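# Coordinate inspection notes
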Amino acid sequence: MDGKIKGMVYLTRKIEFSASHLYHNPALSDEENRRIFGKCNNPHGHGHNYTLEVTVEGEPDPVTGMVLDLKELKTILEREIMERMDHRFLNYEVQELKGQIPTCENIARVVWKLLEPKITQGRLHKVRLYESADIFAECYQNGANRQ
Amino acid sequence: MLPKRGEPPVNDGLKVVLGRRYRFAASHRLHTEKLSEEENFRVFGKCNNPYGHGHNYVVEIHVSGPVDLATGMIVNLAELDQFVEREVLEPLDHKSLNEDVQAFRTTVPTTENLCKEIYRRLKEFPLAKVERVRIEETCNNAFEYAGSRNCGP
């Protein structure tokens, strides 16, 4: 194997963090909040073990054979995501989620925006955030190529 | 400040997809009248056993659409669950795919075809766009279908 075989390689790293949240929109009535958000509207919040999968695309460096150094990706995820979100109350402690309902969809989008400028070797391809084993949200660039 | 419902969504060039996994159990037999008995057995092997066999299927539904600023949601999961329950789980769970599902009276109920059938049943979902159906037939086999498009990231 050498550099003659071209094409993108997709690398995925997974992290887990635990956080609490609640869904409540003060612009809506209490009754609407309860109807739309159900038990997620509990005023004291509740928590999840989140699993985040981050996929980076790129051509492996001809010398190192890496798309990016996993150690570096690990450091970025630790600094940008774990420190911000792990064991936090997402509504109150994560600046980037202020003014948003901290749903899986919105957290995935925030994660994308935090990571995308920090990944300078290769390119962020996709983030997938699991709130539980059966619910997840993905975020990627509109019109992204098939993996 | 959080808005009331009906505000225009954010357009930042990002696509957000919601995925939800469901489970059902059903039996099937892989057999086609287009082939002889011997050919059926050669092609389908033990999946051609005349009495059929079953699986615990896991169905993953991917939907996309604008995220409502007032709710943070593409679609309320309760409404997606209700639609999937009615269109997919209730008609398929604890059924014989060959005998109880009209589409498989004439088509082999492989999990490839099951993906397409479930996609067909869900594509009229009025509240979000069904992007993809992924089915795990066992923990070692998975199939995906995204309509006429490629599957995407």
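Overview of the structure. Here the structure is a predicted model, which means the values were calculated and not measured.

## Observations concerning the packing of aromatic side chains
Residues and elements named next belong to chain A.
- Inspection of every chain in the model, using the stated rule, returns seven aromatic pairs over all chains.
- An angle of 70 degrees between the planes, with centres 5.6 Å apart, marks the rings of Tyr 23 and Phe 37 as edge-to-face. Placement of the pair is Tyr 23 in the loop between β1 (9–21) and α1 (30–37) and Phe 37 in helix α1, with a sequence separation of 14 residues.
- Overall, Tyr 23 belongs to the buried group, its relative accessible area being 6%.
- Across from the ring centre of Phe 136, 3.9 Å away, lies the NZ or CZ of Arg 128, which sits over that ring.

## Details of the interface of chain A and chain B
- Contacts between chain A and chain B engage 34 residues on the former and 32 residues on the latter.
- The junction of chain A with chain B conceals about 3,000 Å² of combined surface from both sides, 55% of it contributed by carbon and sulfur atoms.
- Taken together, the connections running from chain A to chain B amount to four salt bridges.
- For Asp 134 of chain A, the salt bridge is made with Arg 23 of chain B, and the minimal N-O distance between the two is 3.0 Å.
- There are 14 residue pairs in polar contact (both at pLDDT 80 or more) connecting chain A and chain B.
- Those elements that provide at least two residues to the side of chain A that touches chain B are α1, α4 (104–115), β4 (123–132) and β5 (135–141) of chain A.
- If you tally residues by element for the side of chain A that touches chain B, the top one is β5 of chain A, at seven residues.
- Taken together, the seven bridges between β5 of chain A and strand β1 (residues 14–28) of chain B define a ladder with antiparallel strand orientation. Within the sheet, the bridge partner assigned to Tyr 140 of chain A lies in β1 of chain B and is Lys 15 of chain B.

## Considering the layout of surface pockets
All names here are of chain B.
- Taken as a whole, the largest pocket encloses approximately 390 Å³ of empty space.
- Around the largest pocket sit 19 residues that line it, and His 31, Asn 98, Glu 99, Phe 104 and Arg 105 are the ones nearest its centre.
- Contributing elements (two or more residues each) for the lining of the largest pocket: β1 and α3 (97–100).

Conventions used here
- Residues numbered from 1 in each chain as written.
- Chains lettered and ligands numbered in written order.
- Predicted model: local features only at pLDDT ≥ 70, side-chain atom pairs only at ≥ 80, totals over all residues.
- Heavy atoms only, no water.
- Phe/Tyr/Trp six-rings, centres within 6.5 Å; stacked < 30°, edge-to-face > 60°.
- Helix = DSSP H or I, 4+ residues; strand = E, 2+ residues; numbered from the N terminus.
- Buried < 20%, exposed > 50% of the residue type's maximum accessible area, 1.4 Å probe, protein only.
- Lys NZ or Arg CZ within 6 Å of the ring centre and 35° of its normal.
- Contact = heavy atoms within 4.5 Å.
- Buried area = accessible area lost by both parts, 1.4 Å probe.
- Salt bridge = Lys/Arg side-chain N within 4 Å of Asp/Glu carboxyl O.
- Polar contact = N/O pair within 3.5 Å; in protein donor to acceptor, adjacent residues only side chain to side chain.
- Pairing = 2+ DSSP bridges.
- 1 Å grid on protein atoms, 1.4 Å probe; cavity = no way out; pocket = protein on both sides within 12 Å on 5 of 7 lines; lining within 4 Å.
- Points joined across faces, edges and corners; volume = space filled by probe spheres on them.

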